[in-house]
Number of protein chains: 2
Amino acid sequence: MPERSTRAMIVEKADTLFYEGGFEATSFADIAAVVGISRGNFYHHFKTKDDILDAVIARRIEQTRGMLALWEAEGDGPRARILSFIRMLIANRAKIMAFGCPVGTLCSELAKLDHGAQGRAAEILGLFRDWLAGQFRALGAGDRAEALALHVLSWSQGVAVMASAFRDETFLHSEVAGIEAWLSTVPDPAPLT
Amino acid sequence: MPERSTRAMIVEKADTLFYEGGFEATSFADIAAVVGISRGNFYHHFKTKDDILDAVIARRIEQTRGMLALWEAEGDGPRARILSFIRMLIANRAKIMAFGCPVGTLCSELAKLDHGAQGRAAEILGLFRDWLAGQFRALGAGDRAEALALHVLSWSQGVAVMASAFRDETFLHSEVAGIEAWLSTVPDPAPLT
DNA sequence: GTCTATATTTGGATAGAC
DNA sequence: GTCTATCCAAATATAGAC
């Protein structure tokens, strides 16, 4: 087994290119060039572009599961775990200001392309939603846990869109502070907000 | 002057196709087919695809200005005017669930394409931001008016992304209700939220 | 598994007749 | 202003040698 298979390299580089340049705009030639293989060799590993997309989404699902498991193990209580999620916006701010959220922008693009993989891409958001809902339940949010989870997810998506549209890091920081302030009022926030 | 010029038809149809299918994925052939003209004729009106994009963005800017002016004239006070903005999410829910927000998704796509027109697309969001800030100032929000405007804009962008990712109309309605509840607390909301 | 070469299609763009 | 015909480049995909 090599240190990293060609197939794994293709998926890894395709993931980055799809994020930074979009799925539709990324060609096989682009991926082959970055991986350092010929276009012909490419087809030995993947028959169609959709196959690569499937592999990229599968990879992202796995990485998301891994990250959530890590936060689950590391976080000191549900509130701190939710903060781990929110602070992704800060940790990845440079990329988010340049390219938006990897998951949100992929879902948006696939929706327009009417692409069959849109549902699988949305599953990644579903992982975050379910994990966040679990944390809110642990905070005592009860029936409102899922709504609160969707709210946090939605809020972070909005911040990502706006931060990339305006390239505004100040806005990003102030909204993250706003989410944190809101979180400190859960499970009993004034309006739903 | 014809009832509607070919050029205007091209811009109108391109606007729809760019929204529903994305800029990159929409070809000249697609636009020509919908307009009902030959590809050759196309180039009599626009030299490049970027020229069409410029015209589409200019059209959207004009339409946005017109809509804001209408809300300004019709709305009964700043709070009702802000509600006009928020309720776009409800009025356009079918298209938003299918294709997201026309402006947010265009900005996201152009950011990934590293396209020069990204800034002009973001100007449309800027129009909403400035208009909303004016309404919040009229509500007595003072220095916080622009931050509140960005917050509403960001919130609606998040709702659009999530509603299209999950095709979830219930979520869309409940978040709109949440924005309205929050708005009723402005200019003195508990946290920034 | 990897390469070169090539087939096929599509997309952006032009020339010139009507 | 509109059309047909055409060019060129790029993209997906395949065949077959090494």
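Every value quoted in this text rests on a predicted model; they were computed, and no experiment measured them.

## Notes on the protein's contact with DNA strand C
If you check the shell around DNA strand C, you find 15 residues, and the closest are Ser38(A), Asn41(A), His45(A), Phe28(B) and Tyr43(B). When the atoms of DNA strand C within 4 Å of the protein are sorted by group, sugar and phosphate make up 61%. Between a phosphate oxygen of DNA strand C and a side-chain N or O atom of His45(A), the distance comes to 3.0 Å. Lys49(B) places a side-chain nitrogen or oxygen 3.2 Å from a phosphate oxygen of DNA strand C.

## A look at the packing of aromatic side chains
Across all of its chains, the model carries 18 aromatic pairs over all chains by this definition. Relative to Phe99(A), the ring of Tyr19(A) lies with its centre 5.6 Å away and its plane at 70°, an arrangement referred to as edge-to-face. With Tyr19(A) in helix α1 (residues 6-21) and Phe99(A) in helix α7 (residues 93-99), the pair connects residues that are 80 residues apart, well separated along the chain. Accessibility classification places Tyr19(A) together with Phe99(A) in one group, the buried group. Put simply, the rings of Phe28(A), Phe42(A) and Tyr43(A) touch in pairs and so form one group of aromatic residues. Arg129(A) extends its terminal NZ or CZ atom over the ring of Phe166(B), reaching a point 5.0 Å from the ring centre.

## Details of the side chain of Lys112(B)
If you trace the backbone, Lys112(B) turns up in helix α8 (residues 102-112). Salt bridges are absent for the buried Lys112(B), whose nearest opposite-charge side chain, Glu109(A), sits at 6.3 Å. Within polar-contact distance, the side chain of Lys112(B) engages the side chain of Thr105(A) at 3.0 Å. Once residues lying within four places of it in the same chain are set aside, the contact partners of Lys112(B) are Phe18(A), Tyr19(A), Glu20(A), Gly21(A), Gly22(A), Phe99(A) and Thr105(A).

## Quick notes on the UniProt feature "DNA-binding region" (unreviewed entry) in chain A
As recorded in UniProt, the sites labelled "DNA-binding region" (unreviewed entry) are residues 27-46 of chain A. Counted over residues 27-46 of chain A, helix gives 75% and strand 0%. Its end C-alpha atoms are 13 Å apart.

## Here's the deal with the interface of chain A and chain B
Contacts between the two partners involve 45 residues from chain A, matched on the other side by 45 residues from chain B. Counting each side, the surface lost to burial between chain A and chain B is near 3,400 Å², with a carbon and sulfur contribution of 67%. Counting the contacts that link chain A with chain B gives 0 salt bridges. Summed over the shared surface of chain A and chain B, the result is 16 residue pairs in polar contact (both at pLDDT 80 or more). Among the elements of the structure, α1, α7, α8 (102-112), α9 (118-138), α10 (145-166) and α11 (169-183) of chain A are those that each provide at least two residues to the side of chain A that touches chain B.

## Focus on α10(A)
Residues and elements named next belong to chain A. The terminal C-alpha atoms of α10, which comprises 22 residues, lie 32 Å apart, in line with the 32 Å expected from a rise of 1.5 Å per residue. Counting buried positions along α10 yields 19 of 22 residues, so the element is predominantly enclosed. Trailing α10 by a residue or two, Arg167 shows a phi angle of about 50°, which is positive.

Conventions and cut-offs
Residues numbered from 1 in each chain as written. Chains lettered and ligands numbered in written order. Predicted model: local features only at pLDDT ≥ 70, side-chain atom pairs only at ≥ 80, totals over all residues. Heavy atoms only, no water. Near = heavy atom within 4 Å. Polar contact = N/O pair within 3.5 Å; in protein donor to acceptor, adjacent residues only side chain to side chain. Phe/Tyr/Trp six-rings, centres within 6.5 Å; stacked < 30°, edge-to-face > 60°. Helix = DSSP H or I, 4+ residues; strand = E, 2+ residues; numbered from the N terminus. Buried < 20%, exposed > 50% of the residue type's maximum accessible area, 1.4 Å probe, protein only. Lys NZ or Arg CZ within 6 Å of the ring centre and 35° of its normal. Lys, Arg positive; Asp, Glu negative; His and termini not counted. Salt bridge = Lys/Arg side-chain N within 4 Å of Asp/Glu carboxyl O. Contact = heavy atoms within 4.5 Å. UniProt positions renumbered as here; feature names shortened; annotations may be inferred. Buried area = accessible area lost by both parts, 1.4 Å probe. Expected span 1.5 Å × (residues − 1).

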